[in-house]
Amino acid sequence: MDLIIRSATLQGREGRHDIGIRGDRIAAIAPGLPERAAREIDAAGDLVTPALVEIHIHLDAVLTVGDPRHNRSGSLFEGIEIWGERVKSLTHEDVKRRATTALKWMLAHGVTYVRTHVDVCDPTLTALQALLEVREEVAEVITLQIVAFPQQGIYSFPDGEALMARAVEMGVDVIGGIPHYEWTREYGERDVRTALRLAAEYDRLADLHCDETDDDQSRFLELVAAETIRLGLQGRVTASHTTAMHSYNNAYAYRLIRWMRHAGVHVITNPLDNAVLQGRFDAYPIRRGFTRVKELLANGINVCIGHDSIMDPWYPLGVGDPLQACFVMVHYGHMSGRDELETMLDLVTTRAAACFGAEEYGLEEGKRADLVLFDAPTAVDAVRTLAARRAVVSRGRVVAETRPARSTVRWQGREEEVRFLI
Ligand SMILES: [Zn+2]
């Protein structure tokens with residue numbers, strides 16, 4: 001063996017297990033492996049899961065906060081205005097530098113799969129070209145998927161359709177869309193049809209920003225589901241955000257969810273950005289502006305969690321940690337029930353991997369060794385404490401390590417360590 005993680009807690013298995021890694025593969029999982037390895041890590045009962053998957057990020061916009069100015073209102077619309085100014089100074093090196101920095105932050109948090117959107121409403125496609133290079137440069141540690149994302153619309157931006165086609169020819173992995181942002185309902189319908197036609201023609205996945213608004217009349221998701229079925233794309237199409245679903249009447253939502261299940265549409269919810277961006281037009285009571293995660297999961301639809309933005313004009317916070325998004329999701333989505341807490345981590349691991357189409361993914365013998373060792377014994381503790389990632393393994397190699405903080409309290413003449421575990 002090249003690497004053995006000893007005495008780990010694994011989800012869904014009793015007791016402690018050793019994980020033996022040879023080359024880039026998981027070679028054995030069993031209690032007390034007799035072999036030795038060049039490097040051994042004692043998990044001491046802490047949790048090991050498959051790598052985290054960042055399923056929704058905008059790497060072309062990350063780390064631009066405050067440049068050229070801060071978003072004073074915090075609204076989506078001021079964010080779009082500021083981005084419109086920042087885009088003018090976008091260069092190849094600028095995009096590569098920021099994207100690479102953000103990817104390092106994510107890797108330190110255990111992320112080895114990333115799906116990034118890239119704005120293709122740019123006649124020079126500068127950001128796309130830069131991210132295609134980044135995809136190659138990080139391939140030894142991170143599998144990066146690139147989505148052609150028409151930020152200003154396929155039909156509301158000059159030559160939008162031609163730019164989408166060029167982006168596909170240049171080698172994007174996933175086709176995007178933004179129907180609710182197009183100028184008219186009709187343009188929005190064409191946006192959906194074009195995105196899914198391109199996905200079918202070029203054999204790519206699709207992931208559309210869909211109904212990211214509090215407008216209960218924004219109903220493009222039904223067309224996404226219908227076109228997915230018509231084109232035979234079941235399981236290959238994702239709808240991101242779908243926040244308008246929060247505001248649909250229950251009868252309509254019920255009907256829609258049935259069609260989504262039929263179409264095998266994946267849903268990505270982005271609790272960090274949408275917590276601060278939605279509900280901005282409401283007087284009290286203010287809607288949460290959030291898709292119906294509980295209902296979707298209960299109806300057998302695959303839901304996963306994305307980060308969306310890190311320090312950009314829309315969301316000024318973030319450190320590239322999917323656990324922060326999980327933590328907010330628990331609160332914002334009323335998902336503090338015991339079963340919900342225990343499976344929350346799946347929304348950034350196995351469920352996100354299913355959306356990603358990561359075939360070598362999983363904590364099983366023969367799968368690729370992309371793993372995370374948390375500074376916590378259970379998945380609930382990992383989310384609750386935003387536990388440090390003690391070790392991150394990618395392709396069988398330890399590629400990131402974090403020394404967990406340890407607190408000491410001095411009290412009643414004694415000194416003791418506090419680890420926030422009961
Ligand atoms: Zn997005």
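For the structure, check the block above.
Presented here is a report on the structure given in the accompanying data block. (Residues numbered from 1 in each chain as written. Predicted model: local features only at pLDDT ≥ 70, side-chain atom pairs only at ≥ 80, totals over all residues. Heavy atoms only, no water.)

## What to know about the coordination of the zinc ion
Within the first shell, the zinc ion binds the protein through H56 (NE2), H58 (NE2), H209 (NE2) and D308 (OD), at distances of 2.1 to 2.5 Å. Around the zinc ion, the 4 donor atoms sit at angles spanning 84 to 176°, and that spread fits a shape best called irregular. Site description for the zinc ion: donor spacing in sequence, H-x1-H-x150-H-x98-D. Taken as a pair, H209 in strand β10 (residues 205-210) and D308 in the loop between β13 (303-305) and α10 (322-332) lie far apart in primary sequence, 99 residues in all. Of the two residues examined, H209 and D308, each falls in the buried class. (Donors = N, O, S within 2.8 Å, 3.2 Å for Na, K, Ca; no water. Tetrahedral: all angles 85-135°; square planar, octahedral: opposite > 155°, others 65-115°. Helix = DSSP H or I, 4+ residues; strand = E, 2+ residues; numbered from the N terminus. Buried < 20%, exposed > 50% of the residue type's maximum accessible area, 1.4 Å probe, protein only.)

## A few points about the pattern of salt bridges
Applying the stated criterion across every chain, the model contains 41 salt bridges. A salt bridge links E161 to R197; its shortest N-O distance comes to 3.4 Å. Placement of E161 in helix α4 (residues 160-170) and of R197 in helix α5 (residues 185-202) is noted, with a sequence separation of 36 residues between them. A relative accessible area of 33% places R197 in the partly exposed class. Through salt bridges with shared partners, one network takes in D24, R25, E360, R368, D370 and R395. (Salt bridge = Lys/Arg side-chain N within 4 Å of Asp/Glu carboxyl O.)

## Regarding the sheet that holds strand β5 (residues 48-50)
Reading across from one edge, β5-β14-β15-β16 is the order of the 4 strands in this open sheet, with antiparallel pairing throughout. Edge positions in the sheet fall to β5 and β16 (397-401), since each of these pairs with one other strand and no more. Strand-to-strand twist across the sheet, computed as the mean angle between neighbouring axes with direction ignored, equals 25°. Sheet topology places β5 next to strand β14 (residues 371-374); 3 bridges connect them, and they run antiparallel. Paired with T49 across the two strands is V372, which belongs to β14. (Pairing = 2+ DSSP bridges. Axes fitted to C-alpha atoms, helices over the stretch in contact; angles between N-to-C directions.)

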